[in-house]
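Observations on chain architecture
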Amino acid sequence: MTLSGKRILLIISGGIAAYKSLDLIRRLRERGAEVRPLMTAGAQEFVTPLAVGALSSGHVYTDLFSREDEQDVGHIRLARDCDMICVAPATADLMAKMANGLANDLASTVLLATNRPVLIAPAMNPAMWSHPATRRNIETLRKDGIRFIGPMAGEMAESGEAGEGRMAEPLQIVAGIEALMDDAPKPLAGKTAIVTSGPTHEPIDPVRYIANRSSGKQGHAIAAHLARLGAEVTLVSGPVTIPDPAGVNVIHVESARDMLEAVTKALPADIAVFVAAVADWRVSASSDNKIKKKEGEGPAPLELTENPDILKTIGHHASRPKLVVGFAAETADVISNAQAKLARKGADFIVANDVSPATGIMGGDRNRVRIVSKDGVEDWPDLSKDETAARLAERIAENMA
Ligand code: CTP
């Protein structure tokens, strides 16, 4: 029971995603948490206090000026008599109130009065999520130390519109809460990080693509460990078959160009770690239709163009993160190649590894890396990819201190 005895104040605001909060309550209680629900007026249009109360087996707080509730706990105690506050779903309206310090209902008052960690799971229409007003509020909330989980890309429940704005799934929110409640030291608290991971797929036609053997294991593990140390992590992942790591905001992309766009959108950040095995080339003009085989004729030659170099672009970007880490997958002259990449790509350090087939590193579970920086070369022992990630995250934290 990972949340045993933890007291969570769950604020449900008014969005269709409120139906998922019922499941969230169940999942939190399964893990031993005590859930005290608070609903805005809007939330009660989507799910009833009766349902929320039945699942949490307790009182549901709804009214700022309720004499009964004030005598029971009072809004200030409600704000502090918990280990953390989770807002799910968090509407654009509630986020705007939080960003501006408004306190005109019970939810916003509690959020202004609290001294506890707050995790919010935004849910709104994609146009509202990308609106400059919301972007400003997100930035303010991040600076205020508010933690985010999601939103995810996908289809909206009400309009069928696709884009970013769908609330994170209950289990992802649970993982975010678990990460926040983890008592381990958080040297990267308040820092943001971007991690790229996995291969990219470069289309030839609608059914074929160019790819490589990267599994995403190393990049995903690094994202998870940076989050464990308190960083707010955006993981930009190419197509992989492994699950999204807990407590991390994951953006799924296909091609190198999509990856660069997602990374640029995630700026500014304090830390960036480029682990993805980005395809160096793409097909100059991928076909909209499946390329047909012509009897007796050989295949049409594939003309390739160079892809953008994501690490190099960000390493020289006007909003370059304070710490930029690259990887170097080599099959020969590991150190000298890594040193050349360090300078060329504008990285602070390069994690170099020998990916010759005999090492089994590409796609495998173990790694043996060397850290190449201007200060020299560090040789790390053969470790699991998870141990390598943990060590790298610690190393990054030392560097940021
Ligand atoms: N990288 C990137 N974008 C690319 C190519 C590479 O961001 N288009 C990043 C990788 O994520 C990695 C580093 O650059 O952190 C080095 O990748 P690697 O494939 O080893 O180097 P390349 O630049 O492709 O050089 P080469 O193929 O000549 O070894």
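Everything numeric in this text was worked out from a predicted model, so none of it was measured.

**Considerations on the overall build of the chain**
Within the chain one finds 15 helices and 21 strands. For 401 residues, the compact-globule estimate of 2.2 N^0.38 gives 21 Å, and the chain sits close to it at 23 Å. Overall, the C-alpha framework of the chain stretches about 80 × 55 × 40 Å when taken along its three principal axes. For the chain, the accessible surface area stands at approximately 18900 Å², while carbon and sulfur atoms represent 50% of it.

**Points about the pattern of salt bridges**
Using the criterion set out here, one finds 26 salt bridges in the structure. The residue R366 makes a salt bridge to D382 at a minimum N-O spacing of 2.8 Å. Here R366, found in strand β18 (residues 366-367), pairs with D382, found in the loop between β20 (376-379) and β21 (383-384); they are 16 residues apart in sequence, far enough to count as distant. You can call R366 partly exposed: its relative accessible area is 41%. For D382, a relative accessible area of 43% translates into the label partly exposed.

**Looking at the state of the cysteines**
Considering all chains together, one arrives at 0 disulfides under this definition. No disulfide involves C82; its sulfur sits 11 Å from the nearest other cysteine sulfur, which is in C86.

**What about the site of the ligand?**
Looking at the ligand, there are 15 residues lining it, with F274, A276, F327, K341 and K345 nearest. A distance of 2.9 Å separates an oxygen atom of the ligand from a polar side-chain atom of D280. F327 places a polar main-chain atom, nitrogen or oxygen, 2.7 Å from an oxygen atom of the ligand. Burial of the ligand by the protein amounts to 79% of the accessible area it has alone, namely 570 Å². Here the ligand occupies the second largest pocket. Mapped by element, the contributors of at least two residues to the shell around the ligand are α13 (310-315), β16 (323-330) and α14 (334-345). Of all the elements, β16 adds the most residues to the shell around the ligand, at 4 residues. Partitioned by chemical class, the residues of the shell around the ligand number 9 nonpolar, 1 polar and 5 charged.

**What to know about the domain arrangement of the chain**
For the chain, the assigned domains are domain 1 (7-181) and domain 2 (192-400). Computed over C-alpha atoms only, the centres of domain 1 and domain 2 are separated by 34 Å. Taken residue by residue, the interface counts 10 residues in domain 1 and 8 residues in domain 2. Across the interface of domain 1 and domain 2, roughly 720 Å² is buried in total on both sides, 42% from carbon and sulfur atoms. If you sort the residues of domain 1 by the area they bury against domain 2, R142, R147 and E164 come out on top, with a joint share of 42%. The interface formed by domain 1 and domain 2 holds 2 salt bridges in total. Residues E232 and R142 are paired through a salt bridge, measuring 2.5 Å at the closest nitrogen-oxygen approach.

**Describing the sheet that holds strand β8 (residues 192-197)**
Spatially, the 8 strands line up as an open sheet ordered β12-β11-β8-β13-β16-β17-β19-β20, and their pairing is mixed. Among the strands making up the open sheet, the edge pair consists of β12 (249-252) and β20. Ignoring which end each strand starts from, the neighbouring axes of this sheet average 15° apart. Of the pairings in the sheet, the one linking β16 to strand β17 (residues 349-354) comprises 6 bridges and is parallel in character. Bridge pairing links A328 to A352 in β17. Packed onto the sheet, α14 meets β16, β17, β19 (369-373) and β20 and runs at close to 150° relative to β17.

Scoring rules and cut-offs
- Residues numbered from 1 in each chain as written.
- Predicted model: local features only at pLDDT ≥ 70, side-chain atom pairs only at ≥ 80, totals over all residues.
- Heavy atoms only, no water.
- Helix = DSSP H or I, 4+ residues; strand = E, 2+ residues; numbered from the N terminus.
- Rg over C-alpha atoms; globule rule 2.2 N^0.38 Å.
- Areas by Shrake-Rupley, 256 points an atom, 1.4 Å probe, with all protein chains shown as cover.
- Salt bridge = Lys/Arg side-chain N within 4 Å of Asp/Glu carboxyl O.
- Buried < 20%, exposed > 50% of the residue type's maximum accessible area, 1.4 Å probe, protein only.
- Disulfide = S-S within 2.5 Å.
- Near = heavy atom within 4 Å.
- Polar contact = N/O pair within 3.5 Å; in protein donor to acceptor, adjacent residues only side chain to side chain.
- 1 Å grid on protein atoms, 1.4 Å probe; cavity = no way out; pocket = protein on both sides within 12 Å on 5 of 7 lines; lining within 4 Å.
- Sits in = over half its atoms within 2 Å of the grid points.
- Nonpolar A, V, L, I, M, F, W, Y, C, P; charged D, E, K, R; others polar.
- Domains from an automatic or database assignment.
- Contact = heavy atoms within 4.5 Å.
- Buried area = accessible area lost by both parts, 1.4 Å probe.
- Pairing = 2+ DSSP bridges.
- Axes fitted to C-alpha atoms, helices over the stretch in contact; angles between N-to-C directions.

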